[in-house]
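# Residue-level structural notes
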Amino acid sequence: MSSPRRVLIFDTTLRDGEQSPGCSMNLAEKLEMAGALAELGVDIMEAGFPIASPGDFEAVREISRTIRGPVICGLARCNDADIDRAWEALQHAIRPRIHVFLATSAIHREFKLRMTTDEIVARAVAGVQRAKRHCDDIEFSPEDAARTEHDFLCRVVEAAIDAGATTVNIPDTVGYATPQQMGATIAMLRNRVPNIDRAVISVHCHNDLGLAVANSLSGVENGAGQIECTINGIGERAGNCALEEVVMALRTRHDFYGCETAVNTRRLVPTSRLLSSITGMQVQRNKAIVGRNAFAHEAGIHQDGMLKERRTYEIMAPEDVGFQKTDLVLGKHSGRAALADRARALGFELTGDQLQRVFDDFKRLCDKKKEVYDGDLIAMIEGRLSESPRDEWQLIAFEVASGSGRRPMARLTLRRGAQEVTEESADGDGPIDAAFLAAERITGLKLHCKDFQVRSTSLGHDAQADVTLEIEHEGKTYRGRGVSTDSVEATVKALLNAANRIASGAV
Ligand code: KIV
Ligand code: ZN
């Protein structure tokens with residue numbers, strides 16, 4: 001019996017994912033995410049685009065220095081400055097990879113690059129050769145490959161492999177391909193490029209038509225050995241191929257694909273949640289694999305079938321992707337050890353100090369709420385983890401008043417730094433508007449709210465409100481998050497979280 005084919009998982013959450021609106025992360029957040037991706041078992045992690053910004057450079061450098069396990073990759077356009085900068089950031093990685101890209105489709109050649117086909121081949125070869133001076137592991141991407149003429153695509157791919165590319169990635173940059181086409185392109189390259197056996201073929205599919213996972217799987221069916229994907233499918237526009245979906249498709253339909261990955265699938269839900277909590281971008285309830293409803297059975301017939309034999313309506317076990325069997329957790333008699341244990345089961349490894357703070361919050365919550373669910377616990381932990389020890393503003397007290405026939409008002413008392421306490425009141429169109437105005441008066445920051453979302457962390461009318469905000473300040477967007485059984489308090493906390501990010505310069 002032949003052994004199953006191994007497909008490499010190339011995660012680009014920190015590069016293609018992070019460059020999409022609403023998903024930017026600061027250095028500490030990228031490092032936390034990189035640690036989670038290593039634990040998840042991705043083979044390659046694209047840590048950023050070092051020349052794009054000092055923040056990207058620093059993130060790739062720190063991830064290269066500290067994260068062990070996966071290959072660490074940095075993106076570069078096909079020019080010396082980009083490639084040398086990528087290497088500068090990657091040089092401390094145990095297994096570095098430089099990923100160079102250059103567009104090849106007629107539309108990009110004519111309108112974006114204004115280059116002839118000969119010039120494109122020469123630039124691609126020069127780029128790969130330059131990168132090869134730094135390290136052995138080189139990936140080349142002909143950007144917009146899915147819309148590139150086949151003859152020219154074969155020519156560029158062959159030249160890049162001859163120049164030293166060890167992986168050739170075939171991007172469907174604009175999410176235009178269909179599964180049949182994507183598969184046919186990979187099969188065509190395998191048939192027509194004479195040196196193709198010297199490189200791994202990779203697929204990189206965008207989701208503009210909702211086909212990114214299907215297109216990637218079709219690539220694998222036709223011989224691709226690497227899939228580029230992101231957690232929760234985040235990425236440019238409609239996003240990239242979702243890692244959790246493609247990995248579980250390969251695993252669940254092993255009978256069909258005959259492929260394996262090295263991903264520890266039990267880490268999928270915790271990793272997905274971590275990303276949502278860092279970026280504030282929640283997945284939809286019915287999102288495959290990691291959505292809250294992904295394993296919920298509502299119809300009576302389904303529930304009956306499930307009770308008789310789980311496999312009647314379940315093709316995967318929730319535990320296999322990291323969902324916990326029970327949702328009801330702790331109560332007021334639970335101790336610190338039980339809390340730490342539950343937090344660990346949910347994917348959070350808390351340090352002594354963090355555990356103490358979460359435990360204090362938990363005890364306070366137990367006074368307000370009889371049943372503490374996983375959702376409550378997750379929101380509480382994530383709220384604490386998103387705080388920084390150097391937060392400029394802290395909430396001491398707040399008060400709001402609103403009602404029929406009266407103008408709503410809010411009074412906030414905040415502490416700045418070590419001692420200074422300031423109190424301000426304002427009235428507004430509603431208590432939240434008033435709280436924003438009072439916060440603006442105290443902090444002196446202009447807080448323009450671009451997005452405001454409230455979710456319930458669990459069941460019941462005593463559930464906690466989980467508020468996420470996007471605040472625009474001097475042309476930049478900052479996130480804020482706050483959790484409380486009181487939705488106004490949750491909003492004030494989210495608002496201060498955003499104000500603290502503005503003060504620290506973190507997005
Ligand atoms: O979508 C794309 O073409 C890319 C390349 C840089 C690989 O992200
Ligand atoms: Zn992309």
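All residue numbers refer to positions counted from 1 along the written sequence of the respective chain. Whichever chain is written first becomes A and whichever ligand is written first becomes 1, with later ones labelled in order. Owing to the predicted nature of the model, reporting of local features is limited to residues with pLDDT of at least 70; listing and counting of side-chain atom pairs is limited to 80 or more, with chain, interface and lining totals taken over all residues. Note that water and hydrogens are dropped before the side-chain values are worked out from all heavy atoms of the structure.

## Concerning the overall build of the protein chain
Applicable threshold: Only runs of H or I of at least four residues qualify as helices and only runs of E of at least two qualify as strands under DSSP, and these elements are numbered from the N terminus. We compute the radius of gyration from the C-alpha atoms alone; for a globule the expected value is 2.2 Å times N to the 0.38, where N is the number of residues. Note on classification: 1.4 Å probe, protein chains only; a residue is buried when its accessible area is under 20% of the maximum for its type, exposed when over 50%, partly exposed between these limits.
What the protein chain contains, in helices and strands, is 18 helices and 16 strands. On C-alpha atoms alone, the protein chain measures out to a radius of gyration of 25 Å, which is about the 23 Å that the 2.2 N^0.38 rule sets for 507 residues. Counting only C-alpha atoms and orienting by the principal axes, one finds that the protein chain spans roughly 75 × 60 × 45 Å. Within the span of the protein chain, comprising 507 residues, buried residues form 53% of the whole.

## A closer look at the pattern of salt bridges
Test applied: A carboxyl oxygen of Asp or Glu within 4 Å of a side-chain nitrogen of Lys or Arg is what we treat as a salt bridge.
Applying the stated rule across the entire model yields 47 salt bridges. The closest approach of N and O atoms between lysine 369 and aspartate 376, which form a salt bridge, is 2.8 Å. For the pair lysine 369 and aspartate 376, a shared accessibility class is recorded, and that class is buried. Here glutamate 399 makes a salt bridge to arginine 411, at a shortest N to O gap of 2.8 Å. Taken as a pair, glutamate 399 in strand S11 (residues 393-403) and arginine 411 in strand S12 (residues 406-416) lie far apart in primary sequence, 12 residues in all. Residue classification places arginine 411 among the partly exposed residues on the basis of a relative accessible area of 27%.

## Considering the packing of helix H15 (residues 352-368) against helix H16 (residues 374-385)
Basically, it comes down to this: Note on geometry: axes are lines fitted to C-alpha atoms, helical ones only across the stretch in contact, with angles between N-to-C directions running from 0 to 180 degrees. Throughout this description, any angle smaller than 35 degrees is read as roughly parallel, any larger than 145 degrees as roughly antiparallel, any in the 65 to 115 degree range as roughly perpendicular, and the remainder as oblique. Left-handed is the label given to a crossing in which the near helix is rotated counterclockwise from the far helix by less than a right angle, and right-handed is the label when the rotation is clockwise. Contact between two residues is taken to exist if any of their heavy atoms lie within 4.5 Å; hydrogens are not considered.
As a packed pair, H15 and H16 sit with axes 10 Å apart at the nearest point and diverge in direction by 135°. For the element pair H15 / H16, the angle class is oblique. Handedness of the H15/H16 crossing: right-handed. Where H15 approaches H16, its residues Gln354, Arg357, Val358, Asp361, Phe362, Arg364 and Leu365 are matched on the opposing element by Asp376, Leu377, Met380, Ile381, Arg384 and Leu385.

## Observations regarding the coordination of the zinc ion (ligand 2)
When four donors bind a metal tetrahedrally, each ideal donor-metal-donor angle is 109.5 degrees, and when six bind octahedrally, the ideal angles are 90 or 180 degrees. Rules: Distances decide who is a donor: an N, O or S atom must be within 2.8 Å of the metal, or within 3.2 Å for Na, K and Ca. Water is not included, so sites may look incomplete.
Looking at the zinc ion (ligand 2), one finds its protein donor set to be Asp16 (OD), His204 (NE2) and His206 (NE2), positioned 2.0 to 2.1 Å from the metal centre. Sequence spacing of the donor residues for the zinc ion (ligand 2), all on one chain, is D-x187-H-x1-H. Of this pair, aspartate 16 sits in helix H1 (residues 13-17) while histidine 206 sits in the loop between strand S8 (200-205) and helix H9 (212-221), placing them 190 residues apart in sequence. Accessibility assignment for this pair places aspartate 16 and histidine 206 in one class, buried.

## Some thoughts on the packing of aromatic side chains
The cut-off we apply is this: Stacked, tilted and edge-to-face pairs are distinguished by plane angle, under 30 degrees for stacked and over 60 for edge-to-face with tilted covering the rest, among Phe, Tyr and Trp rings (Trp via its six-membered ring) whose centres lie within 6.5 Å. Put simply, a charge is over a ring when the Lys NZ or the Arg CZ is close to the ring centre, within 6 Å, and near the line of the ring normal, within 35 degrees.
One pass over the full model with this rule turns up four aromatic pairs. Look at phenylalanine 49 and phenylalanine 101: their rings are 6.2 Å apart centre to centre, the planes differ by 70°, and that puts the pair in the edge-to-face class. In this pair, phenylalanine 49 is assigned in the loop between strand S3 (44-48) and helix H3 (54-66) and phenylalanine 101 in strand S5 (residues 96-103), connecting sequence segments 52 residues apart. One exposure class covers both phenylalanine 49 and phenylalanine 101, and it is buried. Lying over the aromatic face of phenylalanine 57, arginine 85 brings its terminal NZ or CZ to 3.6 Å of the ring centre.

## Re the site of ligand 1
In plain terms, the rule: One heavy atom suffices: a residue is near a molecule or strand as soon as one of its heavy atoms comes within 4 Å of it. Whenever two N or O atoms come within 3.5 Å, that pair is a polar contact, provided that in protein one can donate a hydrogen and the other can accept it, and provided that, for residues adjacent in sequence, both atoms are side-chain atoms. Every accessible area reported is derived by Shrake-Rupley at a probe size of 1.4 Å, with residue values counting cover from the shown protein chains alone.
Around ligand 1, a shell composed of Arg15, Asp16, His99, Phe101, Ser141, Glu143, Asn169, Pro171, Thr173, His204 and His206 is seen. Contacts to ligand 1 include aspartate 16, whose side-chain N or O atom sits 3.1 Å from an oxygen atom. Histidine 204 is positioned with one of its side-chain polar atoms (N or O) 3.1 Å from an oxygen atom of ligand 1. Within the complex, 95% of the 260 Å² of free accessible area of ligand 1 lies under protein.

## Digging into the sheet that holds strand S15 (residues 465-473)
Under the convention used in this document: Strand pairing requires that DSSP identify at least two bridges connecting the strands.
In spatial order, the strands read S14-S15-S16; together these three strands make up an open sheet with antiparallel pairing. Bordering the open sheet on either side are strand S14 (448-456) and strand S16 (476-484), each of which pairs with just one other strand. Here the strands of the sheet are splayed against their neighbours by 15° on average, with no regard to which way each runs. Pairing of S14 with S15, which is carried by eight bridges, proceeds in the antiparallel orientation. Along S15, the bridge assignment pairs aspartate 451 with glutamate 470.

## Comments concerning the environment of glutamate 221
Tracing the backbone shows glutamate 221 in helix H9. The partly exposed category is assigned to glutamate 221, whose relative accessible area is 47%. As a C-alpha pair, glutamate 221 and tyrosine 257 span 36 residues in sequence and 6.6 Å in three-dimensional space.

## Looking at the environment of arginine 342
Residue position: arginine 342 is located in helix H14 (residues 336-345). Along the sequence, arginine 342 and isoleucine 378 sit 36 residues apart, while their C-alpha atoms lie 9.9 Å from each other.

## Digging into the domain arrangement of the protein chain
The following threshold applies: For the domains described, the bounds stem from an automatic or database domain assignment.
What the domain assignment lists for the protein chain is domain 1 (5-279), domain 2 (294-322), domain 3 (324-385) and domain 4 (393-504). One C-alpha centre belongs to domain 2, the other to domain 4; they are set 41 Å apart.

## Points about the sheet that holds strand S13 (residues 421-427)
Taken together, three strands build an open sheet; the order of strands is S11-S12-S13 and the sheet is antiparallel. Each edge of the open sheet carries a strand with a single partner, namely S11 and S13. The sheet shows a mean angle of 10° between the axes of neighbouring strands, taken without regard to direction. Of the pairings in the sheet, the one linking S11 to S12 comprises nine bridges and is antiparallel in character. Each residue of the ladder has a partner; that of alanine 401, found in S12, is methionine 409. Along the sheet, helix H18 (residues 487-504) makes contact with S11 and S12, crossing S11 at roughly 140°.

## With respect to the nonpolar core
Stated precisely, the cut-off is as follows: Definition of nonpolar core: a set of buried residues of the types Ala, Val, Leu, Ile, Met, Phe, Trp, Tyr and Cys, connected through side-chain atoms within 4.5 Å.
One finds Ile98, Val100, Phe140 and Ile227 to be the most contacted residues of the largest nonpolar core, which totals 93 residues. Residue-level mapping places this core at the junction of two domains, with at least three residues from each of domain 1 (5-279) and domain 2 (294-322). Non-local contacts of phenylalanine 140, meaning those with residues more than four positions away in its chain, are made with Cys78, Val100, Leu102, Ala124, Val128, Val156, Ala160, Ala165, Thr167, Val168 and Asn169. Within the second largest apolar cluster, 27 residues are counted, among which are Ala434, Leu445, Leu469 and Val492.

## Quick notes on unusual backbone geometry
Of note, arginine 237 is a non-glycine position whose phi angle comes to about 50°, a positive value. Relative to the elements of secondary structure, arginine 237 occurs in the loop between strand S9 (226-229) and helix H10 (243-252). Here glutamate 474, not a glycine, exhibits a phi torsion of approximately 50°, which is positive. You can see glutamate 474 is positioned in the loop between S15 and S16. The class for glutamate 474 is exposed, based on a relative accessible area of 74%.

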